[in-house]
Amino acid sequence: PVQCALRHSRNVGMSALKRFIPLLDRVLVEKVAPMAQTAGGILLPDSAVSKINEAVVVAAGGGGRTRDGTTLPLNVKVGDKVMLPEYGGQQVKLDDKEYFLFRDEDILAKLE
């Protein structure tokens, strides 16, 4: 009981995002809104703007495991910009912000 109280008191000042650590090969991402304006300054209507499929990795697990127990490293790290599938991922709300949890293998590409 004493350890639980101490552990809880240490987390009081931290945000929920900093306390959220995905397990294994899971990656927490925050979707990035697509550009609604062209390079020339023309505003695009909502129907012309594509569905959000770009995101930034905000947290990552330790990696997957093989049958013999060796760890497989993730393909992405925190701060990477990635391309996501149109559908999928588990929605997670932390600190009134919306994030999505994906498996490393579900991420389509890393954007440079």
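Chains are numbered independently. Their residues run from 1 in the order of the written sequence. This being a predicted model, a pLDDT of at least 70 is required before a residue's local features are given, and a value of 80 or more before pairs of side-chain atoms are given or counted; all residues contribute to the totals for chains, interfaces and linings. Computation of side-chain values: all heavy atoms of the structure, hydrogens and water removed.

## Some thoughts on the overall build of the chain
- Scanning the chain from N- to C-terminus turns up 2 helices and 8 strands.
- Only protein chains enter the area calculation, which uses a 1.4 Å probe; residues under 20% of their type maximum are buried, those over 50% are exposed, and those in between are partly exposed. The proportion of buried residues among the 112 residues of the chain is 23%.
- Computed with the Shrake-Rupley method and a 1.4 Å probe, the accessible areas treat only the protein chains shown as cover for residues. Within the structure as shown, the chain displays about 8200 Å² of accessible surface, and the carbon and sulfur contribution to it stands at 55%. Strands are runs of DSSP state E lasting at least 2 residues, helices are runs of H or I lasting at least 4, and numbering of each runs from the N terminus.

## Here's the deal with the nonpolar core
- Here, nonpolar core means buried Ala, Val, Leu, Ile, Met, Phe, Trp, Tyr and Cys residues that are tied together by side-chain atoms lying within 4.5 Å of each other. V27, V29, A55, V57, L74, V76, V82, L84, F100, F102 and I107 form the largest nonpolar core, which has 11 residues in total.
- Listed in part, the 6 residues of the second largest apolar core include L28, A59, L94 and Y99.

## Some details on the pairing of strand β2 (residues 54–60)
- Paired strands are those between which DSSP finds at least two bridges. By the bridge criterion, 5 bridges tie strand β1 (residues 26–31) to β2 in an arrangement that is antiparallel. Residue pairing for β2: E30 is matched across the bridge by V56.
- Strand direction decides the pairing type here: β2 and strand β5 (residues 81–83), joined by 3 bridges, are antiparallel. Note that in β5 the partner of E54 across the bridge is M83.

## Considerations on unusual backbone geometry
- One non-glycine residue, D95, lies in positive phi territory at about 50°.
- The phi dihedral of D96 falls on the positive side, at around 60°, and the residue is not glycine.
- Note that D96 resides in the loop between β6 (90–94) and β7 (97–103).

## Re the confidence of the model for the chain
- Summary of the metric used: pLDDT quantifies the predictor's per-residue confidence within the range 0 to 100. Of the residues in the chain, 71% reach a pLDDT of 70 or more, and the chain-wide mean stands at 77.
- Put simply, helix α1 (residues 2–10) is where the chain has its lowest mean pLDDT, 38, and β5 is where it has its highest, 92.
- Whether two residues are in contact is decided by their heavy atoms, any of which lying within 4.5 Å being enough. Note on residues 1–13: pLDDT is under 50 here. Beyond four places in sequence and across chains, it has 1 contact.

## Some remarks on the pattern of salt bridges
- A pairing counts as a salt bridge when a side-chain nitrogen of Lys or Arg comes within 4 Å of a carboxyl oxygen of Asp or Glu. Applying the stated criterion to the full structure yields 5 salt bridges.
- Across the pair E30 and K97 runs a salt bridge whose closest N-O atoms are separated by 3.0 Å. With E30 in strand β1 and K97 in strand β7, the pair connects residues that are 67 residues apart, well separated along the chain.
- Between D80 and K110 there is a salt bridge whose closest N-O contact spans 3.6 Å.

## A look at the sheet that holds β2
- Spatially, the 6 strands line up as an open sheet ordered β6-β7-β1-β2-β5-β8, and their pairing is antiparallel. Unpaired on one side and paired on the other, β6 and β8 (109–111) mark the two borders of the sheet. Across the sheet, the mean angle from the axis of one strand to that of its neighbour is 45°, orientation sign disregarded.
- Where β6 lies against β7, 5 bridges are found, and the strand directions are antiparallel. Residue pairing in the sheet places Q91 in a bridge with F100 of β7. Interaxial angles span 0 to 180 degrees and are taken between N-to-C directions of axes, which are lines fitted to C-alpha atoms, for helices over the stretch in contact.

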